Amino acid sequence: MNSTKTDRRGTKKFQRLRRIILSRVLLAPFVILMIVCGSLVYYFAINLHAQVESELVRIADDHRRLIDQFLSERVEDLRFIEISNQFEDMRRAEYLSEIFNKLQMTSPAFFDLGVFDKHGNHVAYDGPYDLEGKNYSATKWFKAVFEKSVYISDIFLGYRHAPHFIIAVKGISSGNPWYLRATIDTRFFNNLVENIRVGKTGEAYLINKDGVFQTRRRSGGALMEKDPDAKIYRNVPDRIISFSAADFRDDKYLYATGRLKMTEWMLVVRQNFTDAFTPLFRAIFVAVGLIFLGGAVVVVIAFFLASGVANKLALADVEKREMGSQLIMAGKLAEVGEMSAGVAHEVNNPLQVMMSEMTMIKDLFGDCRPGEPIEKQTIDLMKDSVEQIGIQINRCKQITQGLLKFARKSEANVRNVALPELIPEVVAMVEHQAQLQNITITQDIGSGIPEINTDPGQFQQVFLNLLNNAIYAVRDEKTGEIRITATADKDFILVTVADNGCGISPDQLEKIFVPFFTTKPVGKGTGLGLSTCYGIVENLGGKIAVSSELDAGTVFTIRLPVNLKAGDRNVG
Amino acid sequence: MNSIRLLIVDDEERFLSTTKILMEKRGIKTLTAPGGAEALQVLDEARVDVVILDVKMPGMDGVETLKRIKRKYPLVEVIMLTGHASVDSAVDGMKLGAFDYVMKPSDIPEILEKMQKAYNKKQAMEEKIRKVKIERIISHPMAVFEKNGEG
């Protein structure tokens, strides 16, 4: 046996085993782990999204209400002044100043206060600037308040060149309309909105209906600037809606937007996606880390476990194979022992004869006296003894030759053989002898038997041996009959030799292929015929089998492969 | 009574004839039989002291023949002749009452020696039996008439 080849095969098998065990040990936990982690992250993400969204919506809603409330309070303040005072009183500077002081006490957000007559002339003003006497009839706010009686402006840069917004209300005094206008401190107003903070990036701001910032945006966007993202905001009256969208920088944001009731402004609360989902990313990071760390530990443990198990399996396999070869060895040794016992017995018989002949010759020599004539009878006896020794030596020679033939496993001389031709040839060799003994031989060779790849000489030897055995078996029958069949069976050819002879008893049948086992009388058989046949058929990649019944007959079956492959042959 | 009467049982015909000549030359009256059945027949017809019996024979084999001889003629001594490399069958024979065994191939002097010992043993045994009988006759003279058929 080639040990390196075996080792390599063993290692390969070991690696394959380990791979199978590893994949089975690792696959299931990993799949489950991935599913668990995946679903956890998924639900966490959904939950977090909802949470962030509702937070934004809540903030937007609260602050919208707050701003609306602030605006409506300021409007009410002005309306109260308008209702409770007369235009004639209000146009007096001292009176207005008194009123404005009171107004500032109710809300410090009021920056100044002006009174206008029905023509839009600024008739009275109290505040840090000097704006009296100007006519405002052409301005947008004046036109709007003339129609709607309450007006809240967008933030604009007026004569003061500073951002502000105004609230104007219309009053009627003795049939004539007059107008009250207050400026609201934008900084004060801004604080309401700009101070909103959500997470790190969460911010809020107001835009008017044209998408111009009414408050500063912390992440970029000055007052009065046009918001580049204005078109993505969704505008649904009386409701806060939330959505996610990318801004002009392609950063993704979660938005909550709602329109104010008092003006056409829109409150926008937004938080950067990455910021909003920071907990999620952290969770994913931790989960992935854990999977990799835990996975590494599991892989290492599984690797060692699998190696251990595979090693044990491989070892068991090696042991099994060794055991097998040991059994074969033991069988061979037993065969050798049995054979040598057989050889000894077979050789000892002729040796015994030779020994007695030798004693005979010695005796005869002892009878002879020098100078005296030797009797003819003595000479005949001597001659006889010497001849007998020769016969016995021949017997020994036959035994040793048979033994050599059995022992030598000559390389088969393989070629294509047509059995339908070869079988009758061999039968012809024994036909004459069979006829003398009144034995009929029938051949039943099936059609379509392919040429087989085998050694014709060796096949002939086996077949002839079986025929001779059959003839010997039917020697005492009145109507001896030997039947030969040949059939094809897939990749094999079956050749049977059946006789109706004396049969073989079961205990003899067991030993029939054992070398030197014979039932024939001394000198008639060496007991090597069938054991040699067995060896040859095995060598030709086939099988030989026997079945027999006492006094009914015996069937020998040879099973030979159509194609003799090198691997089939048991050489050595 | 002086010469040993020998029976050789073996399936080798030449061995039988040659050994017979050699034994006769040495003053031993020799009978031969080619098989167990023939041996028993010879024993029925002739008086024999020692049997040399081959273990392995076709038909009735040596061990079986030994059993029958010992059953029918317990005083006849048997020497087993074995060709086996193992002594198992010879030992079997000894257990069944064989005197000794001889391994093939063995020369005439060896066979003669064992045969002589076997013969001596038989003589001694017969002597003993005779003495016992005489003593019995002396102490119970009437016994001679009681069991006259026994000899």
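Owing to the predicted nature of the structure, the values given are computational and were not obtained by experimental measurement. (Residues numbered from 1 in each chain as written. Chains lettered and ligands numbered in written order. Predicted model: local features only at pLDDT ≥ 70, side-chain atom pairs only at ≥ 80, totals over all residues. Heavy atoms only, no water.)

(A) Representation of the overall build of chain A within the structure. Looking only at helices and strands, one finds 12 helices and 17 strands in chain A. Considering chain A as a whole, with its 572 residues, one finds that 41% of them fall into the buried category. A separation threshold of at least 6 residues defines the contact pool for chain A, and within that pool the share at least 24 residues apart is 60%. (Helix = DSSP H or I, 4+ residues; strand = E, 2+ residues; numbered from the N terminus. Buried < 20%, exposed > 50% of the residue type's maximum accessible area, 1.4 Å probe, protein only. Contact = heavy atoms within 4.5 Å.)

(B) Quick look at the environment of N348(A). In this fold, N348(A) is placed in helix 7 (residues 278-367). On a C-alpha basis, the gap between N348(A) and C396(A) in space is 9.0 Å, while along the polypeptide they are 48 residues apart. Apart from the residues within four sequence positions on either side, N348(A) is in contact with G83(B), K104(B) and P105(B). Here the side chain of N348(A) touches K104(B) through a polar contact of 3.5 Å, landing on its backbone oxygen. (Polar contact = N/O pair within 3.5 Å; in protein donor to acceptor, adjacent residues only side chain to side chain.)

(C) Seen up close, helix 3 (residues 62-72) of chain B. Residues and elements named next belong to chain B. Among the residues of helix 3, those classed as buried are G62, V63, T65, L66, I69 and K70. Buried positions in helix 3, seen along its axis, are confined to an arc of 155 degrees and lie on one side of it. Set apart from the buried face of helix 3 by more than 90 degrees, the exposed residues are R71 and K72. In this fold, the buried residues of helix 3 make contact with helix 2 (36-45), strand 3 (50-54), strand 4 (77-82) and helix 4 (88-95). (Arc of directions from axis to C-beta.)

(D) Seen up close, the sheet that holds strand 9 (residues 252-259) of chain A. All names here are of chain A. The sheet built from 4 strands is open, its strands ordered 7-10-9-8 with antiparallel pairing. Sheet topology places strand 7 (203-207) and strand 8 (241-246) at the edges, where each strand pairs with a single neighbour. Each adjacent strand pair in this sheet contributes to an overall mean axis angle of 30 degrees, direction not counted. Relative to strand 10 (residues 266-272), strand 9 is paired through 7 bridges, and the arrangement is antiparallel. Opposite R259, over in strand 10, you have M266 as the bridge partner. (Pairing = 2+ DSSP bridges. Axes fitted to C-alpha atoms, helices over the stretch in contact; angles between N-to-C directions.)

(E) The arrangement of helix 1 (residues 13-25) of chain B in detail. All names here are of chain B. For helix 1, which comprises 13 residues, the first-to-last C-alpha distance of 19 Å matches the rise-based estimate of 18 Å (1.5 Å per residue) to within 8%. Among the residues of helix 1, those classed as buried are R14, F15, L16, T18, T19, L22 and M23. In the stretch just after helix 1, G27 is the one whose phi turns positive, near 80 degrees. (Expected span 1.5 Å × (residues − 1).)

(F) Region of interest: the packing of helix 10 (residues 456-473) of chain A against helix 12 (residues 529-539) of chain A. Residue and element names in this part refer to chain A. Here helix 10 crosses helix 12 at 145 degrees, and the two axes come no closer than 10 Å. Here helix 10 runs over helix 12; the crossing is left-handed. For the pair helix 10 and helix 12, contact is made by Q458, Q461, V462, N465, L466 and N469 and by G529, L530, T532, C533, I536, V537 and N539, respectively. Of the residues belonging to the contact of helix 10 with helix 12, the class tally is 6 nonpolar, 7 polar and no charged. (Left-handed = near helix turned anticlockwise from the far one by under 90°. Nonpolar A, V, L, I, M, F, W, Y, C, P; charged D, E, K, R; others polar.)

(G) Spotlight on the pattern of salt bridges. Scanning the model with the defined rule gives 37 salt bridges over all chains in all. With a closest N to O distance of 3.7 Å, D100(B) and K114(B) form a salt bridge. Of this pair, D100(B) sits in strand 5 (residues 100-103) while K114(B) sits in helix 5 (residues 108-139); the two residues are 14 residues apart in sequence, bridging distant segments of the chain. Connected through shared salt-bridge partners, E203(A), R217(A), D227(A), D229(A), D247(A), R249(A) and R270(A) make up one network. (Salt bridge = Lys/Arg side-chain N within 4 Å of Asp/Glu carboxyl O.)

(H) Local environment of the nonpolar core. All names here are of chain A. Grouped together as the largest cluster of nonpolar side chains are 49 residues, with contacts concentrated most on L78, L113, V115, F165, L180 and F189. Counting residues per element, this core draws most heavily on helix 1 (residues 3-84), at 11 residues. Of all hydrophobic cores here, the second largest spans 39 residues; its members include L419, I484, I504 and I512. (Core = buried A, V, L, I, M, F, W, Y, C linked by side-chain atoms within 4.5 Å.)

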